[in-house]
Amino acid sequence: MVTKSIVIMRLSKDVNIDPIEFASQGNAILGIRDSGKSYTATYMAEQLMENQIPIIAFDPIGIWKNLKIGKKGKGFPVVVAGGDDGDIPLTPENADDIVRAAMRENVSLIIDLYSIGLSKNDWKRIVEKCIRLLLYENKDCGLRHIFIEEAAEFCPQKINPGQGAVYAEIEKLARMGGNASLGYTLINQRAEEVNKAVLELCDCLFLHRQKGRHSITALGKWLDVTDTSNAKEVTNSLPSLDQGECWVWMQGSHKPMRLKMPEKRTVHPDRKNPLAVHKGISADVGPFVERMKLLLDKIVKIPVDRRERRSEELNPTHHKRDQEVEDLMNECDNLRSKLQLEQSVRIALENKLSSVREMLAPDFDKMKKIFDEISVNNESVSDDSNIRRIWLPKFSGKAAELLEALIAHRKLDRAKWCKLTGTVYTSSTFDRSVSEFKRLKLISKQGNEFILNDL
Ligand SMILES: Nc1ncnc2c1ncn2[C@@H]1O[C@H](COP(=O)(O)OP(=O)(O)OP(=O)(O)O)[C@@H](O)[C@H]1O
Ligand SMILES: [Mg+2]
């Protein structure tokens, strides 16, 4: 709980931040490698702890433990879980119990994920479990601030299978953290890697040096949309900011302010000399650690199923809702990977089909021609056969002979037709037969020729 009087955080002569406001809101610190993000974040953490506001930091890079080591006087009393030389060992199984114990002791906690024994999946499980617990159990413990280094690991813009559950918790933290007296700070190199929906909920931005065209364009668009008065000045200066220099853009302000972050009280690892021994004075967290270990022992002695039942009893709806959200996120993950699989199968089939089409193209025209001819012949065969089947039996004698000859030749002139059938050229039999064929529309005349009609 905050007991001491609040000291406003003075970042420069023009920029003062109320620690309670900072601690209870969403913040983001962005900038390229070595630009000073972690320095800024740990400086802000120092200021919060000066104001008795406890912090929890999720640290995949193993530098936050140095908050314990002061440069001149003592460092801050933070308990370090995990890492090479932490106060308490950290596993995905005990992470939430450690957070619960730290909350009861009201002590600041570093979850040091930088360990050869922890995989990236373990990181996600740990962050997911801890944030879920904080969201449901911190409310009565007072204001607390969460720092998340390498934020894109946990709330990426593109959510891959396996990241849904941890993303869901961070998204909840961004939307509803205020109800649980929680604020947060996301730290990441590139703005575009962090999920937009979460980043857009941040109230305060610290923009350190940026070089990438995409990052600067993304930030520029953002500044334009929010009607920032000096957007051009900010984006133009981003590539040339010094180490530790940044633009601070606070909620409600239309003008980001440029400043150099003040000096920290605790040691910060030196990039150029990572093995340098820090001779500072370490804060003593022994008593906290002893009490937390006792508490953890007690928790561990309760069988897991009873612990789960107990926490379900305390928060039945939350747990049910949690489970539902997790199930939905997992289902989303499954559907997304199925869709990707189906899309790749479809693309492979389409490629195959178009290569088969290309291969057959030269033969296709030939085949079409053959089919067309076959169908024309079929039609004419069927027409001839109609006349032969239906009409020919209706005639006899010379008329039948004349019709049969025309069926065979389809068109004939009078002379040829008479010659073929042995009919006298001037006979009335020929004229009578022809006029009967015409009346029945079996034939028509074109010039000198008689043509068999299609029926
Ligand atoms: N405000 C500052 N005053 C003095 N030194 C600073 C300041 N900010 C950063 N530095 C120095 O710059 C170096 C890099 O800082 P920091 O570790 O914060 O970088 P970073 O942006 O977090 O890099 P990375 O993305 O690799 O984690 C450190 O050695 C640190 O001591
Ligand atoms: Mg860093």
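Computed from a predicted model, the values in this text were never measured in an experiment. (Residues numbered from 1 in each chain as written. Chains lettered and ligands numbered in written order. Predicted model: local features only at pLDDT ≥ 70, side-chain atom pairs only at ≥ 80, totals over all residues. Heavy atoms only, no water.)

Draft legend 1. The pairing of strand E16 (residues 449-452), seen in detail. Where strand E14 (residues 411-413) lies against E16, three bridges are found, and the strand directions are antiparallel. Pairing of Leu412 across the sheet is with Phe450, part of E16. Looking at chain direction, strand E15 (residues 443-446) and E16 are connected through four bridges and run antiparallel. Bridge pairing links Lys445 to Phe450 in E16. From the end of E15 to the start of E16, which pair antiparallel, there are two residues, and Gly447 there has a positive phi angle of about 60 degrees. (Pairing = 2+ DSSP bridges. Helix = DSSP H or I, 4+ residues; strand = E, 2+ residues; numbered from the N terminus.)

Draft legend 2. Local environment of the state of the cysteines. Throughout the structure, instances matching the rule amount to zero disulfides. The closest cysteine sulfur to the non-disulfide-bonded Cys155 is located on Cys202, 8.5 Å from its own sulfur. (Disulfide = S-S within 2.5 Å.)

Draft legend 3. Here's a closer look at the pattern of salt bridges. Evaluation of the coordinates by the stated rule reveals 22 salt bridges. For Arg100, the salt bridge identified is with Glu137, shortest N-O distance 3.0 Å. You can see Arg100 sitting in helix H3 (residues 95-105) and its partner Glu137 sitting in helix H4 (residues 120-137), a full 37 residues away along the chain. We classify Glu137 as partly exposed; its relative accessible area is 23%. When the shortest N-O distance is used, the salt bridge between Glu245 and Arg258 registers 3.0 Å. One end of the pair, Glu245, is in strand E11 (residues 245-249); the other, Arg258, is in strand E12 (residues 257-260), and 13 residues separate them in sequence. Overall, Glu245 belongs to the buried group, its relative accessible area being 14%. Accessibility expressed as a relative area gives 38% for Arg258, which makes it partly exposed. A single network of salt bridges, built from pairs that share partners, joins Glu128, Arg132, Glu169 and Lys172. (Salt bridge = Lys/Arg side-chain N within 4 Å of Asp/Glu carboxyl O. Buried < 20%, exposed > 50% of the residue type's maximum accessible area, 1.4 Å probe, protein only.)

Draft legend 4. Here's a closer look at unusual backbone geometry. Even without glycine at this site, Asn106 takes up a positive phi of about 55 degrees. Within the fold, Asn106 resides in the loop between H3 and strand E7 (108-112). Even without being glycine, Arg410 reaches a positive phi, approximately 65 degrees. Of note, Arg410 is situated in the loop between helix H12 (397-409) and E14.

Draft legend 5. Expanded view of the nonpolar core. Counting 65 residues, the largest nonpolar core has Leu109 and Ile111 as the members making the most contacts within it. No other element matches H4, which puts eight residues into this core. Setting aside anything within four residues of it in sequence, one finds Ile111 in contact with Ile56, Ala57, Phe58, Asp59, Ala81, Leu90, Val99 and Ile126. Judged by nonpolar contacts, the second largest core, of 32 residues, contains Ile17, Val80, Ile110 and Met261. (Core = buried A, V, L, I, M, F, W, Y, C linked by side-chain atoms within 4.5 Å. Contact = heavy atoms within 4.5 Å.)

Draft legend 6. Inspection of the pairing of strand E4 (residues 55-59) at higher detail. In terms of burial, E4 is a largely internal element, five of the five residues being buried. On E4, burial covers both faces: Ile55, Ala57 and Asp59 on one face and Ile56 and Phe58 on the other are all buried. Two elements, E4 and strand E8 (residues 144-148), share four bridges in a ladder whose sense is parallel. If you follow Phe58 over to E8, its bridge partner there is Ile148. Two elements, E4 and E7, share four bridges in a ladder whose sense is parallel.

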